[in-house]
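Remarks on the overall topology
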Amino acid sequence: AQTVTQSQPEMSVQEAETVTLSCTYDTSESDYYLFWYKQPPSRQMILVIRQEAYKQQNATENRFSVNFQKAAKSFSLKISDSQLGDAAMYFCAYRAKAAGNKLTFGGGTRVLVKP
Amino acid sequence: IAGITQAPTSQILAAGRRMTLRCTQDMRHNAMYWYRQDLGLGLRLIHYSNTAGTTGKGEVPDGYSVSRANTDDFPLTLASAVPSQTSVYFCASSDSFGQGAKNEQFFGPGTRLTVL
């Protein structure tokens, strides 16, 4: 079974600074997707960024970028120029293409942004 | 309505009682999902449905049942609630259950359930 591990329960960052969230996963599959979801206090789950395993180029979405290391099974999220609105829980998630659309989530990392 | 709605927003329930959490989507998505969110464990899949008329078990299905009579609705039922089912429940949907590049899951606002 696939597992997703987020080793940092909480991270703190100064406004305008950069923070990196770590995520590792375990799988025997070669073709899969990885995602980062943001959950603000409103509880809504918001897709931040996705990465396809066969694409070597790291995905970027504005201030959010990933460092995807397939051999190491690592998928970290970098938030640049942090803003107060970035404060939230962040979840890493995995989906094997062969497993339909079922997501496996990590335990989450809480990001605090200090003004 | 637009997107996914869930009802109720929150509920306190006595142990042993039956409870149905409702989920409706208006995006005509084929696939729907139920997750529970517990502190430190992220979201775990309870049940899913790839298309109307079919359902499947996820990671933590025990104590829960689902039905998918039509495309839009995917209710989750707790036949006899227990305190360990205290959690936040999220419904989600996606356009397809296939292996396509997108298939982004859209989430509802969640239901906070407390079983005493």
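Here we come to the interface of chain A and chain B. As a measure of interface size, the accessible area lost when the parts come together is often cited. Counting from both sides, the interface comprises 19 residues of chain A and, opposite them, 29 residues of chain B. The contact between chain A and chain B buries some 1900 Å² in all, and 48% of this surface belongs to carbon and sulfur atoms. Of all residues in chain A, A:Arg43, A:Asn101 and A:Lys102 give up the largest surface area on contact with chain B, accounting jointly for 33% of the area buried on that side. The interface formed by chain A and chain B contains 1 salt bridge. The closest approach of N and O atoms between B:Glu104 and A:Arg50, which form a salt bridge, is 3.6 Å. Applying the counting rule to chain A against chain B returns 4 residue pairs in polar contact (both at pLDDT 80 or more). Elements supplying a minimum of two residues to the side of chain A that touches chain B: β5 (32-39), β6 (46-52) and β10 (88-96) of chain A. The element contributing the most residues to the side of chain A that touches chain B is β5(A), with 3 residues. Class assignment of the residues belonging to the side of chain A that touches chain B gives a composition of 8 nonpolar, 6 polar and 5 charged.

Once that is clear, we can look at the side chain of A:Thr27. With respect to the helices and strands, A:Thr27 occurs in the loop between β4 (24-26) and β5. On the basis of relative accessibility, which here comes to 7%, the residue A:Thr27 falls in the buried class.

All names here are of chain B. Pairing is antiparallel across the open sheet formed by 4 strands, whose spatial order is β1-β3-β8-β7. Each edge of the sheet is formed by a strand with only one pairing partner; in this case those strands are β1 (4-7) and β7 (64-66). Averaged over all pairs of adjacent strands, the angle between their axes in this sheet comes to 20°, without regard to strand direction. Examined bridge by bridge, β7 and strand β8 (residues 76-78) share 3 bridges and lie antiparallel to one another. By the bridge assignment, tyrosine 64 is partnered in β8 with leucine 78.

The rules behind each value
Residues numbered from 1 in each chain as written. Chains lettered and ligands numbered in written order. Predicted model: local features only at pLDDT ≥ 70, side-chain atom pairs only at ≥ 80, totals over all residues. Heavy atoms only, no water. Contact = heavy atoms within 4.5 Å. Buried area = accessible area lost by both parts, 1.4 Å probe. Salt bridge = Lys/Arg side-chain N within 4 Å of Asp/Glu carboxyl O. Polar contact = N/O pair within 3.5 Å; in protein donor to acceptor, adjacent residues only side chain to side chain. Helix = DSSP H or I, 4+ residues; strand = E, 2+ residues; numbered from the N terminus. Nonpolar A, V, L, I, M, F, W, Y, C, P; charged D, E, K, R; others polar. Buried < 20%, exposed > 50% of the residue type's maximum accessible area, 1.4 Å probe, protein only. Pairing = 2+ DSSP bridges. Axes fitted to C-alpha atoms, helices over the stretch in contact; angles between N-to-C directions.

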